[in-house]
There are 2 protein chains.
Amino acid sequence: MTQNDFDDASELIDSELDADAPEAPEQARLGRKRDHTRDPEILEAALDVLAEEGYDGMTIDMVAARAKAGKATLYRRWASKGELVIDAVACMKKGDLDHARLPDTGTLRGDLVAMIKPRSMEDAERKLQIMGGLMSVLSRNPELSDAINSAIIEPRAEVNRILMRRARDRGEISPDVDIDALALVSPSMASYRTLVLKKPVDREFLISLIDGVILPAAGIRSPVGA
Amino acid sequence: MTQNDFDDASELIDSELDADAPEAPEQARLGRKRDHTRDPEILEAALDVLAEEGYDGMTIDMVAARAKAGKATLYRRWASKGELVIDAVACMKKGDLDHARLPDTGTLRGDLVAMIKPRSMEDAERKLQIMGGLMSVLSRNPELSDAINSAIIEPRAEVNRILMRRARDRGEISPDVDIDALALVSPSMASYRTLVLKKPVDREFLISLIDGVILPAAGIRSPVGA
DNA sequence: TAGATCCGAAACTGCTCAGTACCGTATATA
DNA sequence: TATATACGGTACTGAGCAGTTTCGGATCTA
C-alpha cells in the first residue's frame, strides 16, 4: 500500500448514475447479467495471492490473472483493492466449523485432540498466512481489522471457549479457571509458531501444547489418564 | 515493497571504485570524514518509522526527514532500503538485557514477576510493532528473518529459558517440564495480544499469564504461596 | 433485431517511491 | 591553498501499480 486504498468507503446511497455496477434493487436490468458465480472464485484467488504475497505484494493484476478474469471485471464488482480484500477476508467466515457439531468426547482433552484434523490444520495455516500478510495494514484499518477478527480470530477462540465451558459445566475443571484467557493460548502459540518461528503447527506440536500447557493450566494433571 | 529491495547484497569485495562509501581498511582517506555518530541516529529513525508504518509504508524520505539527514547521506551508507532495514533491526540487539544481571529472587515466580518493568515493556511493545511491520516481508527474506530472530525473538525466549533452567536446577520444577516450549508461551501470547488483539500487554495481563498459565504448566500450583 | 450490459484483454493515466545526480557548503588531507 | 569527500537539500529518472478506458465479442431484455 502506498496511500490508502480503503478511502472510497463513502458509498453513493442509491442514485447510481454509474453505467456499471448499478445494483438497482429488484428492477429487471437490461443487458447481459453479471455472473455472480464468479464472485467466490475471484475472492478465493485474492485470498491465495494475499497468503503468498501479503497485502502490499498483492496486485489487482495478480488476482485477475489467477481468477482468469479481466481487471475491469474486478473493478465492476469492487470499488478498490481495499474493498476487495475486506470482502475476501469476510468470505472466509463462511464454511467455518459448525458450533453445533463440535466434538463431544466427554473429556476436555478428548475434545481438544479431536479438533486436530489435517483439513482444519491446512485451513488454519492458510488463514494465519493471510493474517500475517495483512498485519502491517491492520493497524491503520479498523474495518479490515474487524473483518479479520470476526473471520479468523474470534471463531478460533470461540471454539476453545465452548469446549472449556462444557468441561467446567461437567465439573472437569474448576470454575476459577480463566477460560477467556486460556482459550487464547493455542491461537496465540500457533500464530507465533507459524508466522514468527516459521515452524509447522503439526499434530505433535498441538498435542504437547495441550498436555504441556493448556490442561495443566486448567488444573488437569495427568497427560493421558482421565 | 514492490519488487525486492534486498537484491543488491552482492557486495563489491574490496576494490571499491566507488567515489562514495570507500571504506578502505585503515588508509588515511582524503576529504571530510563520514560522521559515524549519525549512524545510530539514522537507524533509530528507521526503527521509529518502521514501527509506525511497516516496511512497505516506510519511505527513505521519511527516515531521512526524521533523522534530519539528506537522502544522499543514507544512500552513502546503505546500498538499499533493504540493507538499511536489516541494519536497523540488527542494531536493536545491542542494549539488550544482560544475561549476567537477570533477577534472581529464589523462585521462578519471583524472577518472572521481576522481569515486568515499565521500561522493558515499552521496549518490547516497540519491538513487536516493528516485527509486525516486517511480518509480510519476513516470509520472503531469510536475511531479514535471521536479523529479526536474533534481535527480537531469541533474546526474549532465552531469558525465560535461563530463569526456568535455574528453577529446574534448584528443584523448583520437574526435569520433565519442556522448558523450550514453555519459554515461548509469554512471547507468543504477548505478540498475539499486541499485534492481533491490539490490547495492551500490561502488568495485570502478564501476572495472570504467569499465575494462570506458565506456573501451572510448570507444575507449580499455588499462585502466591511458596 | 436493437440497445444495454456483461465478459476478458490490453492500452493508457497518474501517482508514489527507490535510487541517482547535482547544488552550495563544511571539513578533512597534502 | 588546492583537492577530495561528506553534509543537507532538491530535482530528476525509471519502474511499478491502482484505477480507467477502450475494444471485440457474448448475452441479456424489449
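Computed from a predicted model, the values in this text were never measured in an experiment.

Undergrad: Pulling in residues and values, what's your account of the overall build of chain A?
TA: Counting its secondary structure elements, chain A contains 10 helices and zero strands. Along chain A, from the amino end to the carboxyl end, the secondary structure elements read α-α-α-α-α-α-α-α-α-α. Per-residue burial for chain A yields a buried fraction of 48% across its 226 residues. Accessible surface for chain A amounts to roughly 11,900 Å². Of this, 51% is attributable to carbon and sulfur atoms.

Undergrad: I'd like a rundown of the pattern of salt bridges, residues and numbers included.
TA: Scanning the model with the defined rule gives 36 salt bridges over all chains in all. As a salt-bridge pair, Asp39 of chain A and Arg77 of chain A come within 2.4 Å of each other at their nearest N and O atoms. One end of the pair, Asp39 of chain A, is in helix H1 (residues 38-57); the other, Arg77 of chain A, is in helix H3 (residues 71-77), and 38 residues separate them in sequence. Both residues of the pair, Asp39 of chain A and Arg77 of chain A, belong to the buried class. A salt bridge links Glu53 of chain A to Arg140 of chain B; the shortest N-O distance between them is 3.2 Å. Of this pair, Glu53 of chain A sits in helix H1 while Arg140 of chain B is found in the loop between helix H6 (118-138) and helix H7 (142-169), placing the two residues in two different chains. A residue is classified by how much of its surface remains accessible, and Glu53 of chain A, at 23% relative accessible area, is partly exposed.

Undergrad: I'd like to hear about the interface of chain A and chain B, residue by residue, with values.
TA: Listed by partner, the interface residues are 34 residues for chain A and 34 residues for chain B. Taking both partners together, chain A and chain B bury about 2,800 Å²; carbon and sulfur atoms supply 64% of that area. When the buried area of chain A at its contact with chain B is split by residue, Met135, Met189 and Tyr192 of chain A rank highest and sum to 20% of it. The interface formed by chain A and chain B contains two salt bridges. Across the contact surface, chain A and chain B share two residue pairs in polar contact (both at pLDDT 80 or more). When contributions to the side of chain A that touches chain B are tallied by element, the ones reaching two or more residues are H1, helix H6 (118-138), helix H7 (142-169), helix H8 (179-182), helix H9 (185-197) and helix H10 (203-217) of chain A.

Undergrad: Please give an account of the relation of the copies chain A and chain B that cites residues and values.
TA: Each copy superposes on the other: chain A lies on chain B with an RMSD of 0.0 Å after a rotation of 180° and an axial shift of 0.0 Å. Put plainly, the chains are arranged around a two-fold axis. Both copies contact each other with a shared surface, as 100% of the interface residues of chain A are interface residues in chain B too.

Undergrad: Can you break down the environment of Ile116 of chain A residue by residue, with the values?
TA: Examined against the element boundaries, Ile116 of chain A turns out to sit in the loop between helix H5 (108-114) and H6. In contact with Ile116 of chain A, not counting residues within four places along its chain, are Met121, Arg203, Leu206, Ile207 and Ile210 of chain A.

Undergrad: Got a sec to walk through the nonpolar core? Specific residues and values, please.
TA: If you look at the biggest cluster of nonpolar residues, it comprises 145 residues, and the most contacted ones within it are Leu84 of chain A together with Leu84 of chain B. Aside from chain neighbours lying at most four places away, what touches Leu84 of chain A is Ile42, Leu43, Ala46, Met58, Ile60, Val63, Leu74 and Trp78 of chain A.

Undergrad: Kindly report on the packing of aromatic side chains, identifying the contributing residues and their values.
TA: Considering all chains together, one arrives at zero aromatic pairs over all chains under this definition. Above the plane of the ring of Tyr55 of chain A lies Lys81 of chain A, whose end atom (NZ or CZ) is 4.4 Å from the centre.

Undergrad: So, the environment of Arg34 of chain A: which residues are in play, and what are the values?
TA: All names here are of chain A. Its location among the elements puts Arg34 in the segment before H1. With 42 residues separating them along the chain, Arg34 and Arg76 place their C-alpha atoms 9.4 Å apart. A polar contact is formed between the side chain of Arg34 and the backbone oxygen of Arg76, at a distance of 3.3 Å.

Undergrad: Any details on the environment of Val196 of chain A? Residues and values, ideally.
TA: With respect to the helices and strands, the residue Val196 of chain A is situated in helix H9. Put simply, Val196 of chain A and Gly132 of chain A are 64 residues apart on the chain and 9.4 Å apart in space, counted from C-alpha to C-alpha. Beyond its immediate chain neighbours, meaning those up to four positions away, Val196 of chain A contacts Ser191 of chain A together with Met131, Met135 and Ile153 of chain B.

Undergrad: Just give me the short version of unusual backbone geometry, but keep the residues and values in it.
TA: Excluding glycine, a negative phi dihedral is what most residues carry, and trans is how most peptide bonds are arranged. Residues and elements named next belong to chain B. The backbone phi angle of Lys68 is positive, close to 50°, even though this residue is not glycine. Under the relative-accessibility criterion, Lys68 is labelled exposed at 73%. Of note, Lys198 is a non-glycine position whose phi angle comes to about 60°, a positive value. Under the relative-accessibility criterion, Lys198 is labelled partly exposed at 37%.

Undergrad: Mind laying out the side chain of Arg193 of chain B, listing which residues take part and the relevant values?
TA: Residue and element names in this part refer to chain B. Relative to the helices and strands, Arg193 is located in helix H9 (residues 185-197). Despite its burial, Arg193 remains without a salt bridge, the nearest opposite charge being carried by Asp202 at 4.7 Å. What Arg193 contacts, discounting residues up to four positions off in sequence, is Lys198, Lys199, Pro200, Val201 and Phe205.

Undergrad: Go over H6 of chain B, please, and point to the residues and values.
TA: Residues and elements named next belong to chain B. For H6, built from 21 residues, the straight-helix expectation of 30 Å at 1.5 Å per residue is met to within 8% by its first-to-last C-alpha distance of 29 Å. At Gly132, H6 is bent by approximately 30°, the largest bend along its length. When we look at burial in H6, the residues that qualify are Ala124, Lys127, Leu128, Ile130, Met131, Gly132, Gly133, Leu134, Met135, Ser136, Val137 and Leu138.

Undergrad: Could you give an account of the packing of H9 of chain B against helix H10 (residues 203-217) of chain B, with specific residues and numbers?
TA: Residue and element names in this part refer to chain B. Interaxial distance between H9 and H10 falls to 11 Å at its minimum, and their mutual angle equals 135°. In terms of orientation, H9 lies oblique with respect to H10. With respect to the hand of their crossing, H9 and H10 are arranged in right-handed fashion. Together, Val185, Ser186, Met189, Ala190 and Arg193 of H9 and Phe205, Leu209, Val213 and Ile214 of H10 make up the contact between the two elements.

Analysis parameters
- Residues numbered from 1 in each chain as written.
- Chains lettered and ligands numbered in written order.
- Predicted model: local features only at pLDDT ≥ 70, side-chain atom pairs only at ≥ 80, totals over all residues.
- Heavy atoms only, no water.
- Helix = DSSP H or I, 4+ residues; strand = E, 2+ residues; numbered from the N terminus.
- Buried < 20%, exposed > 50% of the residue type's maximum accessible area, 1.4 Å probe, protein only.
- Areas by Shrake-Rupley, 256 points an atom, 1.4 Å probe, with all protein chains shown as cover.
- Salt bridge = Lys/Arg side-chain N within 4 Å of Asp/Glu carboxyl O.
- Contact = heavy atoms within 4.5 Å.
- Buried area = accessible area lost by both parts, 1.4 Å probe.
- Polar contact = N/O pair within 3.5 Å; in protein donor to acceptor, adjacent residues only side chain to side chain.
- Least-squares fit on C-alpha atoms with pLDDT ≥ 70 in both.
- Core = buried A, V, L, I, M, F, W, Y, C linked by side-chain atoms within 4.5 Å.
- Phe/Tyr/Trp six-rings, centres within 6.5 Å; stacked < 30°, edge-to-face > 60°.
- Lys NZ or Arg CZ within 6 Å of the ring centre and 35° of its normal.
- Lys, Arg positive; Asp, Glu negative; His and termini not counted.
- Expected span 1.5 Å × (residues − 1).
- Bend = angle between axes of the 7 residues up to and from the residue.
- Axes fitted to C-alpha atoms, helices over the stretch in contact; angles between N-to-C directions.
- Parallel < 35°, antiparallel > 145°, perpendicular 65-115°, else oblique.
- Left-handed = near helix turned anticlockwise from the far one by under 90°.

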